[in-house]
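If you want the building blocks of each chain, they are given just below.
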Amino acid sequence: MSDKNGWNLKDKFAGQRILIIGDVMVDEYVVGKVKRISPEAPIPVLNYSRRTRTAGGASNVAGNVAGLGAHVEMAGVVGDDDAGRWIRDYLSETGICVDGMMTESGRMTTLKRRFATKSQQLLRVDMETTAAICDGSRQAVIDYIRERISHIDAVILSDYCKGVLTDADFVKSVIHICRACGVVVTVDSKSSHIEAFAGASFVKPNNLELEQASGVVITDDASLDEAGKTYLDRSGADALLVTRGAMGISVYEPLKARRDYPSKAAQVFDVTGAGDTVISMATMALAAGIPLSDAVALGNLAAGIIISKTGTVPITIGELEKAVGENER
């Protein structure tokens, strides 16, 4: 990272205003102890101990951005249900503005309920509606973006294929609004309809998402390059960041060779949420005027912190500054 010593990351990020648009989720953990097998079926009996909830999906991206010190606004759609009310209250209590979160009647808020003992998951139950949000909800989100965009430094589209960003024309409209106003706009999407991302500052798929969208099976460096260049050309984005788990990040830009950023994690415990951390960190760095190469290096450092933890846990500015300091030695 160039000129790191001249950066005060806390000051650079503190004044930023970041809007997250995407699929809000709730991650729930039901934890207990297993002492016997059920006499009714060959399954373990979990003696309930506690239940915890945290923000997942696009709302985890919001938590990462907030943890780095920015002012965060969340736009998306939830159902009129317990999970929807919980995530709205949870985000509000952490200082995230939820005025852009619309409630859609008849829709379920995505809730992933995991049953676990110690660190071992026994079962996951997903409760969700994955159909595209209704026209009224899309228009309400567009109206909110238009109203707020002059007060926003960057927009992150966080698509988990749960309905908010399913419509390609809607995604195109959001990116157009952002670029017309000179606002950094980045995309983290599981969608294969990548032509909708034209004009994005960068798009960040993981290895599997890159394979699926490009149609290229990745087995080595040559196939990785073929997939990366295919994705970048078809998407029309300014750059492509491929998160590769313990392998780190690979970056593609038009007419440039691939750049690799090896993982900085000393030990990998859990890659959950690493992609959310990368897009949060890199987007904020770009919005702060930091060059893409250094923005990706910061994202890679941040991801190294996250994958050395267990579960969905946002990063903090203190952890990032510590990692930057250690990296400079």
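Presented here is a report on the structure given in the accompanying data block. (Residues numbered from 1 in each chain as written. Predicted model: local features only at pLDDT ≥ 70, side-chain atom pairs only at ≥ 80, totals over all residues. Heavy atoms only, no water.)

Let's talk about the pairing of strand 2 (residues 24-37)
As paired elements, strand 2 and strand 3 (residues 44-57) share 13 bridges and run antiparallel to each other. When the bridges of strand 3 are listed, Val 31 appears paired with Arg 50. Here strand 2 folds back onto strand 3, and the loop between the two strands holds 6 residues. Relative to strand 6 (residues 110-117), strand 2 is paired through 8 bridges, and the arrangement is parallel. Residue pairing in the sheet places Tyr 29 in a bridge with Arg 114 of strand 6. (Pairing = 2+ DSSP bridges. Helix = DSSP H or I, 4+ residues; strand = E, 2+ residues; numbered from the N terminus.)

Things to note about a nonpolar patch on the surface
On the surface, a nonpolar cluster with roughly 280 Å² of combined accessible area is contributed by Val 34, Leu 122, Leu 123 and Val 125. Looking at the nonpolar patch, the element that brings in the most residues is strand 7 (residues 120-127), giving 3 residues. Mapped onto the fold, Leu 123 is located in strand 7. Take Leu 123: its relative accessible area is 48%, and that puts it in the partly exposed class. (Patch = residues over 30% accessible without salt bridge, like charges linked within 9 Å, V, L, I, M, F, W, Y side chains within 5 Å. Areas by Shrake-Rupley, 256 points an atom, 1.4 Å probe, with all protein chains shown as cover. Salt bridge = Lys/Arg side-chain N within 4 Å of Asp/Glu carboxyl O. Buried < 20%, exposed > 50% of the residue type's maximum accessible area, 1.4 Å probe, protein only.)

Description of the pattern of salt bridges
Side chains that carry opposite charge are capable of pairing whenever their charged atoms lie near each other. For the structure shown, the criterion picks out 21 salt bridges. Linking Arg 114 and Asp 27 is a salt bridge whose minimum nitrogen-to-oxygen distance equals 3.1 Å. Of this pair, Arg 114 sits in strand 6 while Asp 27 sits in strand 2, and the two are 87 residues apart along the sequence. Like Arg 114, the residue Asp 27 is buried in the burial classification.

Focus: the pairing of strand 11 (residues 240-243)
Every second residue of strand 11 is oriented toward a common face, with Leu 240 and Val 242 on one face and Leu 241 and Thr 243 on the other, all of them buried. Where strand 11 lies against strand 12 (residues 249-252), 4 bridges are found, and the strand directions are antiparallel. Looking at the pairing, Thr 243 lines up with Ile 249 of strand 12. Hairpin connection of strand 11 to strand 12: 5 residues between the antiparallel strands, including Gly 245 at a positive phi of 60°.

Here's the deal with helix 4 (residues 135-148)
Because each turn of an α-helix spans 3.6 residues, side chains separated by three or four positions end up pointing in the same direction. Here helix 4 contains 14 residues, and its C-alpha end-to-end distance of 20 Å stays within 8% of the 20 Å for a straight helix at 1.5 Å per residue. Those residues of helix 4 not exposed but buried are Ser 137, Arg 138, Val 141, Ile 142, Tyr 144 and Ile 145. Along helix 4, the residues classed as buried sweep out an arc of 160° about the axis, all on the same side. Among the exposed residues of helix 4, those pointing more than 90 degrees away from its buried face are Asp 135, Arg 146 and Glu 147. Those residues of helix 4 that are buried are in contact with strand 1 (17-22), strand 4 (71-79), strand 5 (97-104) and helix 5 (168-180). (Expected span 1.5 Å × (residues − 1). Arc of directions from axis to C-beta. Contact = heavy atoms within 4.5 Å.)

A closer look at the packing of aromatic side chains
The description of an aromatic ring pair rests on the distance of the ring centres and on the angle between the ring planes. A full pass over the atoms with the stated rule returns 1 aromatic pair. Centre to centre, the rings of Trp 86 and Tyr 90 are 4.8 Å apart; their planes meet at 15°, and the pair counts as stacked. Highlighted residues: Trp 86 and Tyr 90, both in helix 3 (residues 82-93), separated by 4 residues, approximately one helical turn. Under the relative-accessibility criterion, Trp 86 is labelled partly exposed at 22%. (Phe/Tyr/Trp six-rings, centres within 6.5 Å; stacked < 30°, edge-to-face > 60°.)

Observations concerning the environment of Glu 209
On the secondary structure map, Glu 209 appears in helix 6 (residues 207-214). Assessed through its relative accessible area of 9%, Glu 209 is described here as buried. Along the primary structure Glu 209 and Thr 243 are separated by 34 residues, whereas in three dimensions their C-alpha atoms are 9.8 Å apart.

Some details on the nonpolar core
Among the nonpolar cores identified, the biggest contains 53 residues, and Phe 13, Ile 20, Val 65, Met 74 and Leu 320 are the most heavily contacted of them. It is helix 9 (residues 292-306) that contributes the most residues to this core, 9 residues altogether. By size, the runner-up hydrophobic cluster in this structure holds 42 residues, among which are Ile 142, Leu 165, Val 216 and Leu 240. (Core = buried A, V, L, I, M, F, W, Y, C linked by side-chain atoms within 4.5 Å.)

So, the side chain of Lys 204
With respect to the helices and strands, the residue Lys 204 is situated in the loop between strand 10 (202-203) and helix 6. Within polar-contact distance, the side chain of Lys 204 engages the side chain of Thr 243 at 3.3 Å. Look past the residues within four positions of Lys 204 in its chain and what remains in contact with it is Val 187, Asp 188, Ser 189, Glu 209, Leu 241, Thr 243, Gly 275, Val 278 and Ile 279. (Polar contact = N/O pair within 3.5 Å; in protein donor to acceptor, adjacent residues only side chain to side chain.)

A closer look at the sheet that holds strand 2
With mixed pairing, the 4 strands of this open sheet are ordered in space as 3-2-6-7. The sheet is open, and its two edges are formed by strand 3 and strand 7, each paired on a single side. Sheet twist, expressed as the mean angle between neighbouring strand axes with direction ignored, is 20°. Its contacts with the sheet put helix 3 on strand 2, strand 3 and strand 6, and the angle it makes with strand 3 is roughly 55°. (Axes fitted to C-alpha atoms, helices over the stretch in contact; angles between N-to-C directions.)

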